[in-house]
Amino acid sequence: MGDDAECEFARSGADTGTAGDPGAAPDLRQGPGERAVLRTSDGVRIEAAYDPYEGSGGHGGSAEAPGAIVLAHGFSGSVDRPALRRAVRVFTQYGAVITFSFRGHGGSGGHSTVGDLEVLDVAAAVGWARSLGHARVATVGFSMGGSVVVRHGALHRPTAHERREGHEGHEGREAHEGRTVARAGTEHPGTGPAGPAEHSDAVVAVSAPARWYYRGTAPMRRLHWVIQKPVGRLVSRYGLRTRIHPHDWDPVPLSPVAAAPLLAPTPLLVVHGDQDRYFPVDHPDSLAAAGDPDCTELWLIEGFGHAENAAEPELLHRIGSWVGRQWPDPAAGPA
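Residues numbered from 1 in each chain as written. Predicted model: local features only at pLDDT ≥ 70, side-chain atom pairs only at ≥ 80, totals over all residues. Heavy atoms only, no water.

In terms of helices and strands, the chain carries 11 helices and 8 strands. Here the chain holds 335 residues, and 59% of them are scored as buried. When contacts within the chain are restricted to residue pairs at least 6 apart in sequence, those whose partners lie at least 24 apart make up 80%. (Helix = DSSP H or I, 4+ residues; strand = E, 2+ residues; numbered from the N terminus. Buried < 20%, exposed > 50% of the residue type's maximum accessible area, 1.4 Å probe, protein only. Contact = heavy atoms within 4.5 Å.)

A few words now on the sheet that holds strand 4 (residues 96–100). In space, the 8 strands of this open sheet follow the order 1-2-4-3-5-6-7-8, with mixed pairing throughout. Bordering the open sheet on either side are strand 1 (34–39) and strand 8 (296–301), each of which pairs with just one other strand. Ignoring strand direction, the axes of neighbouring strands in this sheet form an average angle of 20°. In the sheet, strand 1 pairs with strand 2 (residues 45–51) via 6 bridges, with the strands oriented antiparallel. Looking at the pairing, Leu38 lines up with Ile46 of strand 2. (Pairing = 2+ DSSP bridges. Axes fitted to C-alpha atoms, helices over the stretch in contact; angles between N-to-C directions.)

We now examine the packing of helix 6 (residues 218–228) against helix 7 (residues 230–239). Two numbers describe how helix 6 lies on helix 7: the axes approach to 5 Å, and their chain directions differ by 95°. On the basis of the axis angle, helix 6 is roughly perpendicular to helix 7. Contacts between helix 6 and helix 7 pair Trp225, Val226, Ile227 and Gln228 from the former with Pro230, Val231, Gly232, Arg233, Val235 and Ser236 from the latter. The residue inventory of the contact of helix 6 with helix 7, partitioned by class, reads 6 nonpolar, 3 polar and 1 charged. (Parallel < 35°, antiparallel > 145°, perpendicular 65-115°, else oblique. Nonpolar A, V, L, I, M, F, W, Y, C, P; charged D, E, K, R; others polar.)

This model, assessed by the stated rule, comprises 8 salt bridges. Across the pair Asp42 and Arg103 runs a salt bridge, and its minimum N-O distance is 2.8 Å. Of this pair, Asp42 sits in the loop between strand 1 and strand 2 while Arg103 is found in the loop between strand 4 and helix 2 (118–131), placing the two residues 61 residues apart along the sequence. For Asp42, a relative accessible area of 17% translates into the label buried. Under the relative-accessibility criterion, Arg103 is labelled buried at 0%. Across the pair Arg103 and Asp121 runs a salt bridge whose closest N-O atoms are separated by 2.8 Å. Placement of Arg103 in the loop between strand 4 and helix 2 and of Asp121 in helix 2 is noted, with a sequence separation of 18 residues between them. You'll find Arg103 and Asp121 in the same group, each marked buried. Look at the salt bridges and you will find they share partners, linking Arg35, Glu47 and Asp80 into a network. (Salt bridge = Lys/Arg side-chain N within 4 Å of Asp/Glu carboxyl O.)

Residues Leu38, Phe100 and Trp128 are the most contacted members of the largest nonpolar core, which totals 52 residues. Broken down by element, the residue count for this core peaks at 8 residues, all from helix 2. Sequence-distant contacts of Phe100, that is, excluding residues within four places in its chain, are made with Ile46, Glu47, Ala48, Val70, Leu71, Ala72, His73, Val79, Asp121, Val122 and Ala125. One finds Leu84, Phe91, Phe142 and Val271 within the second-largest nonpolar core, a separate group that totals 28 residues. (Core = buried A, V, L, I, M, F, W, Y, C linked by side-chain atoms within 4.5 Å.)

Mapped onto the fold, His73 is located in the loop between strand 3 (68–72) and helix 1 (82–91). Polar contacts involving the side chain of His73 include one to the main-chain amide nitrogen of Phe102, which spans 3.0 Å. (Polar contact = N/O pair within 3.5 Å; in protein donor to acceptor, adjacent residues only side chain to side chain.)

One pass over the full model with this rule turns up 5 aromatic pairs. With 6.1 Å between their ring centres and 65° between their planes, Tyr50 and Trp128 make a pair best called edge-to-face. A residue pair is termed long-range when its members are at least 10 positions apart, and Tyr50 in strand 2 and Trp128 in helix 2 qualify at 78 residues. Tyr50 sits in the buried class, given a relative accessible area of 2%. What makes Trp128 buried here is its relative accessible area of 3%. Through a chain of ring-to-ring contacts, the aromatic side chains of Trp212, Tyr213 and Trp249 assemble into a single cluster. (Phe/Tyr/Trp six-rings, centres within 6.5 Å; stacked < 30°, edge-to-face > 60°.)

Now for the confidence of the model for the chain. For the chain, the mean per-residue pLDDT works out to 80, and 74% of the residues sit at or above 70. Contacts from residues 1–32, a stretch scored under 50 in pLDDT, to residues over four places away or in other chains number 147 contacts. Considering only residues more than four positions removed or in separate chains, one finds that residues 167–196, a stretch of pLDDT under 50, has 56 contacts. (pLDDT = per-residue confidence, 0-100.)

Structure, rendered in structure tokens:
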């Protein structure tokens, strides 16, 4: 199945397993591909990398990053996979880029909940971007990561003050440090304890499912076997380097199609290929239709397959340009 074997379905449960010293502070140094270890609000340690802005990307040749792009990989991916690094090389022409490995993937701690608690991983990465001084942050997710960034956008919405000001500043960020975030499945969209420092200013979902438990294609049926069966989870652990939590979702988290209308006025771009082997085109159609028509776009790409493995530089540049247009004015780069 490789690193584009994706979904977000029948598996979840809280997990706070961590890798390394649980008392260690995150390493927030900057630099090309500079590594960091982030701590999610439920205690999971997440490996992450920061790549600085390297091109004008249509921003008048400015040397300062107009914002940061947080990339969320698909199921069985990780921060080091070649397809994700290819995307990084393109997106650094449009902003600074933060990549990370979801829980249970790569060098991160914990176990994958296949799209549920992963919203806390995205929140940690977005919070890191803002702590580095980026006033504008966009989230771009592939397949499982696409469903996660949509849910993250619905559960971590900016306040009215933040929409006016663009960012909350150091005092606001410090006010939210150390708070506890409830399990993602129990949050009420937009009203939970999620901090404003962790909201996104634009959301891009590439090859994402619209709903849970989809088994309409052969790759998805195989993936459900991997997620749901003990022997399948062993295959995932040792063959895909992905550790999956053994318990079902309880409760079932908000689906992407239910989350999409809650994003407004945050811009949402839905990107999907007509050759996607995992999710047919009714998924992007329903996801885009659920979003606010004033701030939702749908790109159905002819010949495009599935997620980051199939994303060619031309498409990635189109996405980067779209993200750049959502930032109304170039903000300062890392402070």
